[in-house]
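Topology and contacts: notes
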Amino acid sequence: MKLRFRWKFWKNGINEDVEQHRKIYIGDIPEIDDDISYDLLKLETDDDNGSVEGKEDESGTETDFDLSKVKQQQPRGRSGSLTMRRNSIRSGKTKTVITPKLGKNIHFPSNIIVSSRYTWYNFIPKNALEQLRRIVNTYFVLMCLVQTFADSPVSPLTTATPLIFVMLVTALKQGYEDWLRHCSDDLVNNRIVTIVKDGILLCVKAKELEVGNIVKVEAEEQVPADILVVGSSDDFLRCQISTTNLDGETNLKIRYCPSGLPTLKASEDFKYLHGVIECDQPSADLYIFSGSILIPSETLANQQMSITSHTIFHFNLGSRKKSGKASSTAGSSRSVLQNLIHGGSTSQNDKFLTPPEPQSPISGNRQESPSGMSFLSNPTSNFIQIAISMDNIALRGTRLKNTDYIYGVVIYTGRDTRLALNSKITNTKFSTVEKSVNAFLCLFIILLILFVSVCTGLHFLLLNSDSFDGKKAWYLEWDGNSTSAFYIFNTCATFLVLFNYIIPISLYVTMELQKFFGSKFFVYDVDMRCPVTGQPPLCNTSDLNEELGQIEYLFSDKTGTLTQNVMQFRYCSVNENRYDFKEDDQLYLVDDSVGVNDLVEPSKSPSIAKFLRTLALCHTVQLMPHRRPSFDYAVGFPFKKNKVTTKMKAASSLFTLETDGKYSIPGILANWEFQGSSPDEKALLEACCKLGVIYLGDKENVMTLEIFGRTQTFKQHYVLEFDADRKCMSVIVEDEEGQIWLLCKGAESSIISKTEHGPIKTTLKHVVDFAMMGMRTLAVAERKLSRSEFLQFSREIKQARRMVKNREERMREIYASMERGLTILGATGVEDQLQEGVPETLQMLSAAGIRVWMITGDKVETAVNVAISCGLVTSATNQLFATNYISVEEVLNRMAELDAEMIPGDNTTLIIDGDTLAIAFEHCPLLLRKVSMQAYRVVCCRMGPLQKSQVVGMVKSSPMKPITAAVGDGANDVAMIQEAHIGIGILGKEGRQAARCSDFAIARFMFLRKAILVHGHYFYVRIAILSIYFFYKNLVFILPQFFYCIDSGFSGQSLFNAFFLTLYNIFFSACPIFVYGLQEQTYSAETLLAKPHLYKELTRNNYLTWEKFIIWHLQAIYHALVIYYVPRLTWSTLNAEYNDWASFGTMIYCGVLSVTHVKMFEFIKFVSGWTIFSFFYSLVALICLTGIFSEVDLRPISFSLNPGDFHGAYFNIMRFIDFWLVIFLVTTVALIPDFTCRVIVNSWPTIKKIFKRMRKAIKLNRIHRKSFYIPHHHVSLLFSNRSGRLTISTTTLTSTISKQNP
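Notes on the structure follow. This one's a predicted model, so the numbers in the text were calculated from it and none came from an experiment. (Residues numbered from 1 in each chain as written. Predicted model: local features only at pLDDT ≥ 70, side-chain atom pairs only at ≥ 80, totals over all residues. Heavy atoms only, no water.)

Quick look at the overall build of the protein chain
Quick reminder of the rule: Helix and strand labels come from DSSP, where a helix needs a run of H or I of at least four residues and a strand needs a run of E of at least two; each type is numbered from the N terminus. The contact criterion used is simple: two residues touch if any of their non-hydrogen atoms lie within 4.5 Å. In these tables, accessible area is a Shrake-Rupley quantity obtained with a 1.4 Å probe, and a residue counts as shielded only by the protein chains included in the view.
A count of helical and extended segments in the protein chain gives 36 helices and 42 strands. Taking the contacts inside the protein chain whose residues are at least 6 apart along the sequence as the reference set, 75% of them involve residues at least 24 apart. Summing over all exposed atoms, the protein chain offers an accessible surface of approximately 56400 Å²; the carbon and sulfur share of this is 56%.

Some thoughts on the packing of helix α31 (residues 1106–1130) against helix α32 (residues 1141–1160)
Just so we agree on the cut-off: An axis is simply a line fitted to the C-alpha atoms; with a helix, the fit covers only the stretch in contact. Between two such axes, the angle follows the N-to-C directions and lies from 0 to 180 degrees. With the far helix as reference, a near helix turned anticlockwise by less than a right angle produces a left-handed crossing, and one turned clockwise produces a right-handed crossing.
Put simply, α31 and α32 touch, their axes get as near as 10 Å, and they point 145° apart. Note that α31 runs across α32; the crossing there is right-handed. Touching Trp1112, Gln1115, His1119, Ile1123, Tyr1124, Pro1127 and Arg1128 of α31 are Phe1144, Met1147, Ile1148, Gly1151, Val1152, Val1155 and Lys1159, all from α32.

Quick notes on the sheet that holds strand β6 (residues 200–205)
The test is simple: Strands are labelled as partners when DSSP assigns at least two bridges between them.
Reading across from one edge, β6-β5-β7-β17-β8-β15 is the order of the 6 strands in this open sheet, with antiparallel pairing throughout. The open sheet has two edge strands, β6 and β15 (393–394), and neither has a second partner.

Overview of a positive patch on the surface
Definition in use: Without a salt bridge and with relative accessible area above 30%, a residue can belong to a patch; like charges are then joined within 9 Å and nonpolar side chains (Val, Leu, Ile, Met, Phe, Trp, Tyr) within 5 Å. Salt bridges are counted wherever a side-chain nitrogen of Lys or Arg sits within 4 Å of a carboxyl oxygen of Asp or Glu. Residues scored as charged are limited to Lys and Arg (positive) and Asp and Glu (negative), so that His and the chain ends carry no count. Positions of charges follow a simple convention, taking NZ of Lys, CZ of Arg, CG of Asp or CD of Glu. Type-normalised accessible area, obtained with a 1.4 Å probe on protein chains alone, sets the label of each residue: buried when under 20%, exposed when over 50%, and partly exposed for intermediate values.
A surface patch of like charges, here positive, comprises Lys1248, Lys1252, Arg1255 and Lys1256. Given the relative accessible area of 57%, Lys1256 is considered exposed.

Comments concerning the packing of helix α2 (residues 123–131) against helix α4 (residues 157–189)
Put simply, the test is: Here the term charged refers only to Asp, Glu, Lys and Arg, the term nonpolar to Ala, Val, Leu, Ile, Met, Phe, Trp, Tyr, Cys and Pro, and the term polar to all other amino acids, Gly among them.
Look at α2 against α4: their axes get within 11 Å of each other, and the N-to-C directions meet at 115°. Seen from above, α2 lies across α4 with right-handed handedness. Here α2 contributes Phe123, Asn127, Ala128, Glu130 and Gln131 to the contact with α4, which in turn contributes Val166, Met167, Thr170, Ala171, Gln174 and Gly175. Considered class by class, the residues forming the contact of α2 with α4 number 5 nonpolar, 5 polar and 1 charged.

Considering helix α3 (residues 135–149)
For an α-helix the count is 3.6 residues per turn, leaving residues at separations of three or four pointing the same way. Filter applied, for reference: Here the expected length of a helix is defined as 1.5 Å per residue gap, with one fewer gap than residues.
If you check α3, its first and last C-alpha atoms are 21 Å apart, about what 15 residues at 1.5 Å a residue would give, namely 21 Å. Those residues of α3 lying buried are Val136, Asn137, Tyr139, Phe140, Met143, Cys144, Val146 and Gln147. Buried residues along α3 sit in contact with α2, α4, α9 (432–463), α10 (485–499) and α11 (507–523).

Examining the pattern of salt bridges
Summed over the entire model, instances satisfying the criterion amount to 31 salt bridges. A salt bridge links Asp525 to Lys1010; the shortest N-O distance between them is 3.1 Å. Taken together, the residues Asp525 in the loop between α11 and β18 (538–539) and Lys1010 in helix α27 (residues 1008–1047) connect sequence positions 485 residues apart. Exposure remark for Lys1010: the relative accessible area of 16% places this residue in the buried category. A salt bridge links Glu819 to Lys754; the shortest N-O distance between them is 3.4 Å. Of the two residues, Glu819 is situated in the loop between α18 (807–818) and β33 (822–834) and Lys754 in the loop between α15 (748–751) and β31 (755–757); the sequence distance between them amounts to 65 residues. The pair formed by Glu819 and Lys754 is uniform in burial state, with each residue classed as buried. Connected through salt bridges with shared partners, the residues Lys1159, Glu1162, Asp1234 and Arg1238 form a single ionic network.

Quick notes on the nonpolar core
Filter applied, for reference: Each nonpolar core is a collection of buried residues, namely Ala, Val, Leu, Ile, Met, Phe, Trp, Tyr and Cys, held together in the definition by side-chain atoms within 4.5 Å.
Counting 105 residues, the largest nonpolar core has Phe499, Ile503, Phe1068 and Tyr1149 as its most contacted members. Ranked by residues supplied to this core, first place goes to α27 with 20 residues. Dropping the residues within four chain positions of it, Phe1068 is found in contact with Phe1059, Phe1060, Leu1063, Tyr1149, Leu1153, His1157, Ser1178, Ala1181, Leu1182, Leu1185 and Thr1186.

So, the sheet that holds strand β40 (residues 1000–1002)
Across the sheet, 9 strands lie side by side as β18-β40-β39-β38-β19-β34-β37-β36-β35; this open sheet has mixed pairing. Where the open sheet ends on each side, the last strands, each with one partner, are β18 and β35 (878–882). Bridge count between strand β19 (residues 553–556) and strand β38 (residues 964–968): 4 bridges; the pairing is parallel. Looking at the pairing, Tyr553 lines up with Thr964 of β38. In the packing of helix α20 (residues 860–869) onto the sheet, contacts are made with β34 (851–855), β35, β36 (908–913) and β37 (937–941), and the angle to β37 comes to roughly 145°.

Focus on the side chain of Glu546
Residue placement: Glu546 occurs in the loop between β18 and β19. When sequence neighbours within four positions are dropped, the list of residues in contact with Glu546 reads Ser431, Val433, Lys515, Gly1016, Phe1019, Tyr1020 and Ile1023.

Remarks on unusual backbone geometry
Even without being a glycine, Arg942 presents a positive backbone phi close to 55°. Topologically, Arg942 is positioned in the loop between β37 and α24 (945–956). For Arg942, a relative accessible area of 27% gives the class partly exposed. Located in the positive-phi region is Lys961, a residue other than glycine, with phi close to 50°. Along the polypeptide, Lys961 turns up in the loop between α24 and β38.

Looking at a nonpolar patch on the surface
A cluster of nonpolar residues, Leu443, Ile446, Trp1106, Ile1110, Leu1114, Ile1117 and Leu1121, forms a patch on the protein surface that exposes about 650 Å² of accessible area. Secondary structure elements with two or more residues in the nonpolar patch: α9 and α31. Of all the elements, α31 adds the most residues to the nonpolar patch, at 5 residues. Tracing the backbone shows Ile1117 in helix α31.

Focus on the packing of aromatic side chains
Let me state the cut-off plainly: Each Phe, Tyr or Trp ring, with Trp reduced to its six-membered ring, pairs with another whose centre is within 6.5 Å; inter-plane angles below 30 degrees give stacked pairs, above 60 give edge-to-face pairs, and intermediate values give tilted ones. Charge-over-ring placement is defined geometrically: NZ (Lys) or CZ (Arg) within 6 Å of the ring centre, and within 35 degrees of the ring normal.
Going through the model one piece at a time under the given rule, you end up with 53 aromatic pairs. Measuring from centroid to centroid gives 5.7 Å for Phe460 and Tyr487, while their planes differ by 80°, and the two rings are edge-to-face. Linking Phe460 in helix α9 with Tyr487 in helix α10, this pair joins segments that are 27 residues apart in sequence. Like Tyr487, Phe460 is buried. Here the aromatic rings of Phe1068 and Tyr1149 are separated by 6.2 Å at their centres, their planes lie at 75°, and the arrangement is edge-to-face. On the criterion of sequence distance, the pair formed by Phe1068 in helix α28 (residues 1058–1068) and Tyr1149 in helix α32 is long-range, its members being 81 residues apart. Among the aromatic side chains, those forming a connected cluster through ring pairs are Phe451, Phe499, Phe1042, Phe1043, Tyr1124, Tyr1125, Trp1131 and Phe1144. It is Lys216 that lies over the ring of Tyr405; its NZ or CZ is 4.7 Å from the centre. Lying over the aromatic face of Trp1112, Lys1159 brings its terminal NZ or CZ to 5.2 Å of the ring centre.

Right, here's the structure in full:
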């Protein structure tokens, strides 16, 4: 049988063009086509093909379709053949559809979380393929093949052994990291969770959860998947969750059961719950969700009756037992349900004239009755729709708090969960050093090709010449055909094998290990731990360590980054008066004309009382316990220490505990606290409580306030939550007199434009004053609604909630239509204090040559004031504004004016807002970049997340290509952090989304000082010297082979034994430079912090410029010439007992190691025990390994370990003093010029200073030229062990000059 659901759109057309969404089946419910609409009309049965049909009574009213009969009529092993008929509202026609089989949740991913990259069976091939993506590894694999198939002068093992070693070390490192991921995954996937199946609690592993399962989460447990909360132990069907693991926010979030569902508190209640959830497809957005639940009305009625009957009798679908008391109870329950559905009121709502409206699930439903359900046609419809939003969802990774347990329907599992979707890796960033290394590597490959080409060409030149007594080169293996392809290939391959060691194969693995272990110094730095929380810094990627030493532009957020994000209510404006809320929790009237502040009693001022009442009602803050209290003690409550009346107890959900008829409130906050997503709202509510207007909580949407000792209740109908487009939030409440009010607060730029009454100009002036003092400002307004306006709004909002597509956009439009014609009540000023050490940190970064830009979403006045407070803007700063320009012509003219005013290098600060920036980005991006980068500092105000990233991208793409860093703490900073070369997250109060998406994370802004000036300095110097030294030592190693080719007539003879070629980069030369890369300190941390200007020595990749690269390798060429030709020229005078090829190659090899190791002492500034050990290790490794290879026959292990001519040569040559004298001579001759130049370069500033003073003295005629004489003993040269600088002591010199000057 085929299933075909037919349906009509709602007559208002709200649900047209519904996109495909995820459908989740709960219990036994017919399968629904993919194109099902929420406006599903009533189905009725028709007797077709022997199917069961619905009956009609005498009046023609159709009975409800019985879903249980569908199940009962289905033959086993196949779908039933039930046909159904429904009535169309529009046409009244009857159409036939076919009953489906029961819906099943298939094609959804499992709940297994896999963060690992490998499995036990694919690790080797997958890791090998990933490593072969590196050009160096691929190159050496090709070289192994060449050595295998060509007539190679050395064994293929000389290339294969270091390649295997490098790839093995890399594989072990990556395998270990992946093993840790596997362990973490196993802990998560095998965690025991509880599910409800057929009314019974079962324990299963988390990885066995499926979409549609009903899971029970106990207190303090983590939610195992993304679930829809459908039941709670809380009396008001709510729960608290901690999202710290997800976004890092410390304040608890409130989640509610969807309005319209029956109260589900026990596992048996879910046995009769059937329905369909249609919701969004998986998304990475942590804050947006929309969907609906379709529940058969028969199921909902039976479920409600089962719960409210208070008997053990349950009504099964389609098989009700009509007997005695149970039947009457069911009828009573049905009446109660219908009363609730059609607007019946409860005792709490009897005093209000307006029937209770369904609470918006978006605004946080707090109803326990199903009055929020929506019928899709008429009261006898088959399906009921219940809207769901993010306030009903608990995401995977969150933890249940202050609630005994909750039940939830699994809607997303495994890789579809928000946590998994937010764990994806962002675009790969490459450091400046890595780019330079790649460029140097390309140059060495070109050099290798040049060596091979020259040697091959000269080989064939000698082969075809008669320079050997008129004969061909007799020593070349020539078959008589020098132009054969095989001979040409074999000759090229021979020289390619000889010179391929110029490529540093172990460079990349050494850099990886150095970065990995080096990052631990950053993470374990105790000076960068948060003194309050103990939070250490985080290094999310070690590939960018050295970039911390290259920063030229730093882009910083303001709130939570430069400031503490701890809000304190300080000022307010009410009825054209400005008030100051001081530390003594009193309100003072500010009179600037006389400079006197008068104490004000809020209870005696109706305007202030109304203002405070509005603040106490217009919020989304909840008063929740730290931990749900037991029934043995009374409830604590904030700010009050007196008795709580019975009326207050009845009005608030908090007062449910009684102890001998008395209600005590011990201490401030005691076991209760305000919980809200906005720290501003919490600060305002706490200030209201201190001023006498106390929010006592809510019960069944009835908010209770104690206003100066008198309790008042307000019915909350709707909450119009804040969004970035409207920049405000509102509530619709009804007072005890039946008057309906819309209360609104938000940014003054949004509120003022919507107001028509009240002291608008004065309030706006006060807002500007508050902003100039660095306050965060909010405007407060109200509007009285007529009953017709409210009912129209209620109808529109109900229709919008049933939408799936564009639900949020439609609701914003409805909200905006209500938030108009407002009356301004006043404004607030909330202080967000600077973090500790921010001014000092910014001052030090400026001294280090880093240009700091502040990018914030706050208004211009607030941003400028904070910039002044933190030292970005000083009294000597020339402030240039580009704000409040709305036309293209104005922006172009202003940009041209600024370009003419700008003086490069001057102390100029550009202040620009988001609107001006958007126009400039579109019409004059190049001029904007020129003007901005000419300014020393820039303050960007009213910026959105996209604009923040655009500003960073603009600077990155400038011709100078500066290195940029971005620091922020909120989700709106993520785009900026990911756009910059280095992203630094602040582990602050706005969450950890920025920290998770960043490259580094710190707990306080002040830790940037050490992170950049110290760790950045160390990271860059270490990796820069390490990488360039690798190229240097390989060039020194391979050039003697080229010189030997000349002496050997380009025969392809190898100078070094294959053993030396294999172990050079692995054992004999790698350890000292690796230790250097881990612990080198050019200056102490104290010196770097005391002298920030030292940071300028590193920027623009100063250590890896082409000039430095050429200098290093000119030295390498000179060292190679000395290493080869000093033994070569003295060879004839040495002892004849070791006058052979193997001994000559050994002497050259030892000379290479001696020169390259001693060369390191030229730039080592920090010597420790590990430094000495590394050199000792290299020496011992050389002696031991070479001695074993030279003296022990290793051919039984491998034939390639045959020493051949090298047998006995090593210890034989070491017996003679001649060998040691030659090595000493080679090292001395090679390195004396280097050390001399180093001393001169390091001392040149001091020498210049001395001669400058001399010239100045001569010019002023303080001494006579003829009598100017400095005895030799008056000048002392001192070498500093740490810096290697040459300093001239001028004490004696000055006294001598003064004596000779009469």
